[in-house]
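Each chain is listed here by its residues.
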Amino acid sequence: MQGGPSDPPEFDHPTEKCGVVGASLADRDAALPTYYALYALQHRGQESAGIVSHDGFQQHQHVGMGLVGDAFDEDDIDALHGPAAIGHVRYPTAGSVDESCAQPFSVSFKGGALGLSHNGNLVNADELRDELAGSGHAFTSDGDTEVIAHDLARNLLDADIVDAVEATMGRIHGSYSLTIMHDDTVLGVRDPRGNRPLVIGKLDDGYIIASESAAIDTVGGEVVRDVRPGELVVLHEDGGGFDSHQLVDVDNTAHCFFEYVYFARPDSVIDEELVYEVRRELGRQLWQEAGVDSDVVMPVPDSGRAFASGYAEQAQQEGESVDFAEGLMKNRYVGRTFIMPTQEARERAVRLKLNPIKSTVEGKSVTIIDDSIVRGTTSSQLVDLVREAGAEEVHVRIGAPPIQAPCYFGIDMATRDELIAADRTADDIAAEVGADSLSYLSLDAVTAAIGKSRADLCAGCVTGEYPYEVDGEATDRPVQRPDVDSVADD
Ligand code: SF4
């Protein structure tokens, strides 16, 4: 486990970097529902939070570091006037933990005021930044969101918002779910492969767009549908509806399978699948593919819970005598800001965070279920904890395939060198973490549980073949890459 002040709330898991919101209401300020929606998306980013609103005349902005509840107080929300707003929660890349990188990104220019919230990662941001800088655009951050904003601002000088977004979509390459505010018009865009989620919801007096349906539930809205891959949705300024523009079509999508496995809230529905049910199904399949006789099945809290219940249910249905138990208790008050400068302190942190219930494991054979292993050090500490509490056998089952390659699309995974599965078999990993056995779920089973075709999912971190063209990496499908130079000559 790599520890440090930026440790994610669940140790040794990939980390989602952002959540986005946009709202357009009839005749009340949109900041408060946006704030509550950001609360619901807190799991997608804990480093900073921000809202930009528009009152029909001017933009108002507040961004702050930390959790949503810390980044805003009541006065901050009251000062965000206007029935249009976009919001963002962020987990930044290493080294950029300050307010200059917090989103939404906002800029005023000849064509009006623009605000942008981005979830995802562009793979051609450097090229575009160089080209835009060469034509006079001044950048204040090294992030790809500012690249999108500048490109859009440039296009808006001589096109309407729909044509401007279409032109920008033709130039940016990679993963993006965006909420955009141009003056008081709120828009939502999903990249042509639909890598990150984006959902439209209806409120009594308007519409809202958010990364996950749980945010729409939280503000009392009703989910209308997902934003389609390649679609631009423009919310009406009077809160009365939205227009849809299908700007780019591709043969296959590339939905991130890890949204279902780990990132999204279990109560969210993504691309028409309830995440909790997908996770339970992954657990059932895990039993069928890699079930092992044991006395007790228990989840790593909270990430392994739905998997473990599906696994135990399937085992019991097949006549296995196995108990499902919460054998590891989590201390909810150990936050991610806990600083762990040394390996010893990091190991102590796992013990501060999780404690086994002795009576559940003593003298038993135990199967621990989780959704993923990234670096593997937490797994060995968990196995040690359970053995020290008296377990006779400890098996580990993982409800996803081994992570063998990095993610380039907005997920903080790890480098290849750090990934325990990059060059080891499951048996090697079992030996390394001290488990009696360890198995993963196959990619075929994951695909079946999600209910989509393999060709419509991204599994780059498992296969090392990516759905977008990434320098130095293989791709698993034909990619039409935008030709930046020819567009620059327009
Ligand atoms: S590489 Fe992995 S984590 Fe990244 S988008 Fe693809 S499936 Fe998701």
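Only a predicted model underlies this, so the values are computations on that prediction, with no experimental measurement involved.

Cut-offs applied
Residues numbered from 1 in each chain as written. Predicted model: local features only at pLDDT ≥ 70, side-chain atom pairs only at ≥ 80, totals over all residues. Heavy atoms only, no water. 1 Å grid on protein atoms, 1.4 Å probe; cavity = no way out; pocket = protein on both sides within 12 Å on 5 of 7 lines; lining within 4 Å. Points joined across faces, edges and corners; volume = space filled by probe spheres on them. Helix = DSSP H or I, 4+ residues; strand = E, 2+ residues; numbered from the N terminus. Nonpolar A, V, L, I, M, F, W, Y, C, P; charged D, E, K, R; others polar. pLDDT = per-residue confidence, 0-100. Contact = heavy atoms within 4.5 Å.

Taken as a whole, this structure holds 4 cavities of 30 Å³ or more when the rule is applied. By volume, the second largest cavity is sized at about 90 Å³. Contributions of two or more residues to the lining of the second largest cavity are made by α8 (257–263) and α16 (460–463). At 3 residues, the largest contribution of residues to the lining of the second largest cavity is made by α8. Taken together, the residues that form the lining of the second largest cavity break down as 12 nonpolar, 2 polar and 1 charged.

Attention shifts here to unusual backbone geometry. In this model, P301 is joined to D302 through a cis peptide bond whose omega is -10°. Position of D302 relative to the elements: it lies in the loop between β18 (296–299) and α10 (305–317). Even without glycine at this site, D183 takes up a positive phi of about 50°. Along the chain, D183 falls in the loop between β8 (174–182) and β9 (185–190). The backbone of E272 shows a phi angle near 70°, a positive value even though the residue is not glycine. Its place among the elements puts E272 in the loop between β16 (269–270) and β17 (273–274).

This paragraph deals with the confidence of the model for the protein chain. When pLDDT is low, close inspection of the predicted coordinates is not appropriate. Confidence along the protein chain averages 89 in pLDDT terms, with 90% of residues attaining 70 or more. Confidence drops under a pLDDT of 50 for residues 1–9, and excluding neighbours within four residues, the segment shows 32 contacts in the predicted structure. In the predicted structure, residues 483–490 sits below a pLDDT of 50 and forms 8 contacts with residues beyond four places in sequence or in another chain.

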